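Each chain, written out:
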Amino acid sequence: MTDYNYNNKVATALGTIGTVLWCVQLIPQIYTNFRRKSTEGLPHLMLLLWAYAGILFGMYFLVQRPNLPLMIQPEIFTFLSFVTWAQCLYYGCKFSFIKTIVVVSLVVAFSAGLQIAAIIPLQNSALCNNSSNSTCWPLLVIGIMAAVLIVVGLVPPYFELWRRQGQVVGINFLFLFLDCSGAILSFASLLFPQTDKDGNPKEEDYLGMVLYLLVPLMEGGIVVSHFVWWLRIGRSLNKSHIDVEKGRERTDNNVK
């Protein structure tokens, strides 16, 4: 017999850790952008698509109610994505500070209204409440759209990699690590059979599992690309730079 009480606790613990990681995932990237005063190499479209993927994730999980951490997670993800996108407008597109605030505020307000307008009808929908499957078809469509946006959002970095022979420029690796770890732990939290508030077993959320697997797979490809670039080109560049520095030091010593 499945120990649902234990499973609920483990799922909540894993989801909570994943949420904490996703609370801070983009902070290293935000700090890097601020320190460099540049978002070169960081695709602007990726952050905007991620923000809207987070909005759709929010709709999906707020209606599904898998556990509290997973319900909060998309909202934090969306907020951080909008903050980073704002940096792209300010540093990359050279918007003024006021213009950046106005544009981002309007987009956020529209997005919040869109989410609220979708969640309330879905929660009260007879189609969802009377469905024999806890994931009714409107939620499936929303979940699929979120998955598509996540994948499409991770395509622009690959164009940047192609332009730079596989080198990663402008993307913080700590951000990638935290993002992947949060997604993996959130995925793990869905592997444990759980019960709803009435004690009835919940159905497996296979769509949620797919969504959380896409992130580490796509971001892992970015890391592998940079590693291959370093093996092919980066090592030689580093060696050449070291040789140049040594040559300058010898020249300075001879002059002295």
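Here, the structure is the one placed above.
One structure accompanies this document, and this report is about it. (Residues numbered from 1 in each chain as written. Predicted model: local features only at pLDDT ≥ 70, side-chain atom pairs only at ≥ 80, totals over all residues. Heavy atoms only, no water.)

As a further point, take the pattern of salt bridges. In this structure the tally under the stated criterion is three salt bridges. In this structure, the salt-bridge partner of Arg163 is Glu160, at a minimum N-O distance of 3.3 Å. One end of the pair is Arg163 and the other is Glu160, both in helix α8 (residues 156-163) and three residues apart, which spans about a single turn. On the accessibility criterion, Arg163 (56% relative accessible area) is exposed. With a relative accessible area of 17%, Glu160 lands in the buried category. Linking Glu160 and Arg164 is a salt bridge whose minimum nitrogen-to-oxygen distance equals 2.3 Å. In this structure Arg164 comes out as buried when scored by relative accessible area, which is 18%. (Salt bridge = Lys/Arg side-chain N within 4 Å of Asp/Glu carboxyl O. Helix = DSSP H or I, 4+ residues; strand = E, 2+ residues; numbered from the N terminus. Buried < 20%, exposed > 50% of the residue type's maximum accessible area, 1.4 Å probe, protein only.)

Throughout the structure, instances matching the rule amount to eight aromatic pairs. Note on Tyr52 and Phe82: the rings are 6.3 Å apart at their centroids and 80° apart in plane angle, and the pair reads as edge-to-face. Placement of Tyr52 in helix α3 (residues 44-64) and of Phe82 in helix α4 (residues 68-92) is noted, with a sequence separation of 30 residues between them. Taking relative accessible area as the criterion, Tyr52 reaches 22% and is therefore assigned partly exposed. Taken together, the aromatic side chains of Trp50, Phe77 and Phe175 make up a single cluster linked through ring pairs. Its guanidinium or amino end placed over the ring of Phe34, Lys37 lies 4.0 Å from that ring's centre, counting from NZ or CZ. When the ring centre of Phe95 is taken as origin, the NZ or CZ atom of Lys99, which lies over that ring, is 4.2 Å away. (Phe/Tyr/Trp six-rings, centres within 6.5 Å; stacked < 30°, edge-to-face > 60°. Lys NZ or Arg CZ within 6 Å of the ring centre and 35° of its normal.)

Quick look at the environment of Val169 now. For Val169, the position within the fold is in the loop between α8 and α9 (173-189). Taking the C-alpha atoms as reference points, Val169 and Glu40, separated by 129 residues in sequence, lie 7.2 Å from one another.

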